[in-house]
Amino acid sequence: MGFLDILLGRTKAVAPDLDQLFGLPSAAVTLEAAAGFKPTGTGAVCFASVEGGAFAQAHREVQELLDADAERTGPPVEVSRDEYGYSWLVSRREPDDLPALVSDLHAVNSALEGSGFGPQLLCSVAGFQDGGPRRLGLVYLYKRGTFYPFAPLAGETQRRDNALELQVKAALADDLRIEQDLSRWFPIWGAPGL
């Protein structure tokens, strides 16, 4: 970034750093100690669907790669579409096997990025719950290279637990690259696993 960019307030876009996803297991330990949340074993990658044979082929290859995992004890990887038209590739693992879930999320992102579909990647999310009705997603924003917490209120229609989100932000500040611009903490209503 040059001097003129600084004067004019322009900023350089943050490049995605998929290796940030590997910080989730250590963040999960902090999250459990600070707020009592444990992994649910469900994670998903959200992307804007693209029509065409190349994207369909890349999508099939990603799903086949993850479904071929011999150590997977749960159901195969699922594909769903939300009410907004976005696609979700959902992986389910044992709740205590967060490293394998993170590897799945990383593999999906890497494969789509490697096939030239990085611009279609929106976010990845890993689900957590506190043993009660409260749920939490740690969301990785692909285009920003940052995380933020998303906590939908149990039993409420499209309402968030903002206090919990801010508590998690403070607790995980040393574990994950947290998105500082709260206006980018987009709600992911209907996300699989939340």
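Computed from a predicted structure; not experimentally measured.

Engineer: How should the packing of aromatic side chains be read in this particular structure?
Structural biologist: The geometry of two aromatic rings is summed up by the distance between their centres and the angle between their planes. In this structure the tally under the stated criterion is 3 aromatic pairs. Taking the centre distance of 6.0 Å and the plane angle of 20° together, the rings of Tyr148 and Trp185 count as stacked. With Tyr148 in strand β6 (residues 146–150) and Trp185 in the segment after α5 (162–171), this residue pair connects regions lying 37 residues apart in the sequence. Its relative accessible area of 1% is what places Tyr148 among the buried residues.

Engineer: Please explain the nonpolar core as it appears in this structure.
Structural biologist: Soluble, globular proteins show a tendency: their nonpolar side chains are buried together. Counting 51 residues, the largest nonpolar core has Leu31, Trp88, Leu112, Phe128 and Ile188 as the members making the most contacts within it. The greatest single-element share of this core, amounting to 7 residues, is contributed by helix α4 (residues 98–117). Setting aside anything within four residues of it in sequence, one finds Leu112 in contact with Phe47, Phe55, Ala58, Val62, Phe117, Gly118 and Leu121.

Engineer: Can you help me understand the confidence of the model for the protein in this one?
Structural biologist: For residues with low pLDDT, the predicted coordinates do not support detailed interpretation. With 88% of its residues at a pLDDT of 70 or more, the protein shows a mean pLDDT of 86. Within the protein, the lowest mean pLDDT, 56, falls on helix α1 (residues 3–8), and the highest, 97, falls on β6.

Engineer: Even after reading the chapter, I still don't get the sheet that holds strand β4 (residues 121–129), so can you show me in this structure?
Structural biologist: Backbone hydrogen bonds hold the strands of a sheet together, and the pairing may be parallel or antiparallel. Overall, antiparallel pairing links the 6 strands, which are arranged β2-β3-β1-β4-β5-β6 in an open sheet. Bordering the open sheet on either side are β2 (78–81) and β6, each of which pairs with just one other strand. Direction aside, neighbouring strands of the sheet carry axes that sit 25° apart on average. On top of the sheet, α4 reaches β1 (38–48), β3 (86–92) and β4; it is set at about 10° to β1, its chief contact.

What counts, and at which threshold
Residues numbered from 1 in each chain as written. Predicted model: local features only at pLDDT ≥ 70, side-chain atom pairs only at ≥ 80, totals over all residues. Heavy atoms only, no water. Phe/Tyr/Trp six-rings, centres within 6.5 Å; stacked < 30°, edge-to-face > 60°. Helix = DSSP H or I, 4+ residues; strand = E, 2+ residues; numbered from the N terminus. Buried < 20%, exposed > 50% of the residue type's maximum accessible area, 1.4 Å probe, protein only. Core = buried A, V, L, I, M, F, W, Y, C linked by side-chain atoms within 4.5 Å. Contact = heavy atoms within 4.5 Å. pLDDT = per-residue confidence, 0-100. Pairing = 2+ DSSP bridges. Axes fitted to C-alpha atoms, helices over the stretch in contact; angles between N-to-C directions.

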